[in-house]
Structures are given as structure tokens and as C-alpha cells.
Amino acid sequence: GSAPQVKSALNNVRSSTVAVCYYAVRLLAGDAVPNNEGSYRPVRATTPLGSIVNAAYPAPVAVRGMALKRIEDVVLGAMARMLPGRMTASHSGQYSMIMVSGDDGRGRRVQGLTGGPYAGGHGARPNKDGIDVTEHGVTNGAAFPVEFSESKLPVLFRRVELWTDSGGAGTWRGGLGYVAETEWRGGEAMARIRRERHKFTPRGIEGGHGSLRCETALIRANGEALSLPGVSRVNIACGDIFCVKTTGGGGYGPPTARSPQLVLDDILDGRVSPDAARSLYGVVIRDDAIDGAATRALRAELDAARGGTEQ
């Protein structure tokens, strides 16, 4: 049922698609089962040749990691339905790649990734919140420290911080994504943006909510703001600023079952806004304290409204 291969480099080779299926099974087996041929023998993956999960030569595959994240979401989502209580909600399902090539402002040609965090939040687990801003799942890489990026490219990170409310609401909250503002301090250059989750959000499971959608913007030196799609190419000049918002993971379980104390902790830490605490979690906060009676009444009201909608 997967789509035919495409003209862009989003296509996957069979080995990477099958690796995701193996990875999903290994999550369940744990460390007790070693990686060997026998542990993979029960797993069968059907990947029609010429499809986006098994492209035929000469289809381009250089950006297959973006589609690989989707494959991971599908496989883990299917397993979550088969094995409730064993799998996580969807992760952020993307990584931010902004490749810049051009003049460094001193007459030299440069090319490289702007760096900083790549992944967003980890999906909520059956008994724990998701992890904030972590590379996870099938890619399992490491982010460049912003200081390293600034030493190699003419960029300045003006802001890197957690994105409030970007983790999906749930009994266990999805890990948060981030907001990053990166200024280009070189000369004329070209930026190629490869991101995802601008249209569809990571899914929550077992009654958990999805998280926010990613956003990409370019703020010109003259103040003009451009909203960019997830896959795009744009000319940049000195003083232009990339504003990247990367989503978190989905939530696990109904938000109104979350401990009010955990919601208050999230508010005090800046992970959840007071408005979201009230509208999503049904927790009423007054003077940095939980109003127990108002919270119970609001949660009963929210549960009744959601139950009525489902019927």
C-alpha cells in the first residue's frame, strides 16, 4: 500500500526500511535477546520494488531519512495498536536540516549545516513523560553544539530554548521540541531546508493528544518575514535570521488523568502554559497553587464534553 517512488530524494532503499521493522521488534525484546540472524528471522517485511519503501535504480535516495521517520511512525503506530501499554506515542518524527552554501563574508566559499538541535521531543511512554529535544529512534544521532557550528560557519545562535506546549498533552506528556533563532553573518548564500511535520502532527495514543506542527520562517535583515514550507530553498544575506520551531512528541493517555502536581510543575518550569493547563489538562492554578475543587469540577466537565463528542 505504500506510494510509488518519487522524483525527489525521499525514496528509501529496502535495507533501511527493513531496519526500521527490526528496530521496532528489538524495542520489545530488550537486552535479553542479542542481535543476530535468529532474532530477525521471525520478521518479514513486504516492500514492493519501485515503491517509496524500496526504490528501484536510478531513483535518488539521499534524503531518505525524512521518509524513514514516517516509516518508523507507521511501524510503531501499528505495534501500539497490537500491543497496548508497550509502545510510545509518536516522536517528533523529523529532524531539522538547513544546509547553507555561499560566501562567508571574507571572500571564502563555505558549505555546511547550520547545526544546533536536530530532533524534537520523544513520544510519551506508558509510564513516563517523553524526553525533551532528543535524537531518538532509528536515527539515534547527536546534535552539534551551537559553539561548534559558530566556529565553523558565519552563524550566530540568538536563541535556543524549549517550546512551551509543544509536547502532546496526556496522562504522560510528550517531550518538548524547541525554538531556535540562527542569524547568518556571511555574504550572499543559498539555504536548502529539509524539515517535516509542517502539515501533520505526531500522534498521541491511548487518549493522548498530538503535539504542535513545526514552523519555519526567515526574518530578513530589513524586518520582512517569510513563512517557509518544510522542504524549500531560499537565498540569504548577512543579517537574515532563521526562526525554527520544532515540535515535540505525542501524549500518552487522557490529559485529565495527569497528576495535577505534575501539571503545576510543568507550568513552573515553562513546559506548559496556564491556558493549556486549564483547557487541555483541566487543572486550575491560582497563585502558583492547585485549586483542587475547581480542578475536579473542570475535569468532570471536560470529560463529559469529550465523551459526548466521541458518542
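This structure is a prediction, so every number in the text was calculated from the model and none was measured.

Chemist: Can you explain unusual backbone geometry? Please cite residues and give values.
Modeler: A cis amide bond, omega 10 degrees, links Tyr57 with the succeeding residue Pro58. Along the chain, Pro58 falls in the loop between helix H2 (37–40) and helix H3 (64–82). Unusually for a residue other than glycine, Glu206 sits at a positive phi of about 55 degrees. Along the chain, the position of Glu206 falls in the loop between strand E5 (189–194) and strand E6 (215–219). For Asp288, which is not glycine, the phi dihedral falls at a positive 60 degrees.

Chemist: Account for H3, with residues named and values stated.
Modeler: Helix length check: H3, at 19 residues, gives a terminal C-alpha distance of 27 Å against a target of 27 Å (1.5 Å per residue), a fit within 8%. Those residues of H3 that sit buried are Gly65, Met66, Ala67, Leu68, Lys69, Ile71, Glu72, Asp73, Val75, Leu76, Met79 and Ala80. Elements that come into contact with the buried residues of H3 comprise helix H1 (14–29), E5 and strand E8 (231–236).

Chemist: Describe the sheet that holds strand E1 (residues 97–103), naming the residues involved and giving the relevant values.
Modeler: Strand order in the open sheet formed by 4 strands is E2-E1-E5-E8, and the pairing between neighbours is antiparallel. A strand with exactly one partner marks an edge of an open sheet, and here the two such strands are strand E2 (109–113) and E8. Going from strand to strand, the sheet's axes swing by 10 degrees on average, the running direction of each strand aside. Two strands pair when backbone bridges link them, and E1 and E2 are joined in this way by 5 bridges, in the antiparallel orientation. Bridged to Gly102 within E2 is Val110.

Conventions adopted
- Residues numbered from 1 in each chain as written.
- Predicted model: local features only at pLDDT ≥ 70, side-chain atom pairs only at ≥ 80, totals over all residues.
- Heavy atoms only, no water.
- Helix = DSSP H or I, 4+ residues; strand = E, 2+ residues; numbered from the N terminus.
- Expected span 1.5 Å × (residues − 1).
- Buried < 20%, exposed > 50% of the residue type's maximum accessible area, 1.4 Å probe, protein only.
- Contact = heavy atoms within 4.5 Å.
- Pairing = 2+ DSSP bridges.
- Axes fitted to C-alpha atoms, helices over the stretch in contact; angles between N-to-C directions.

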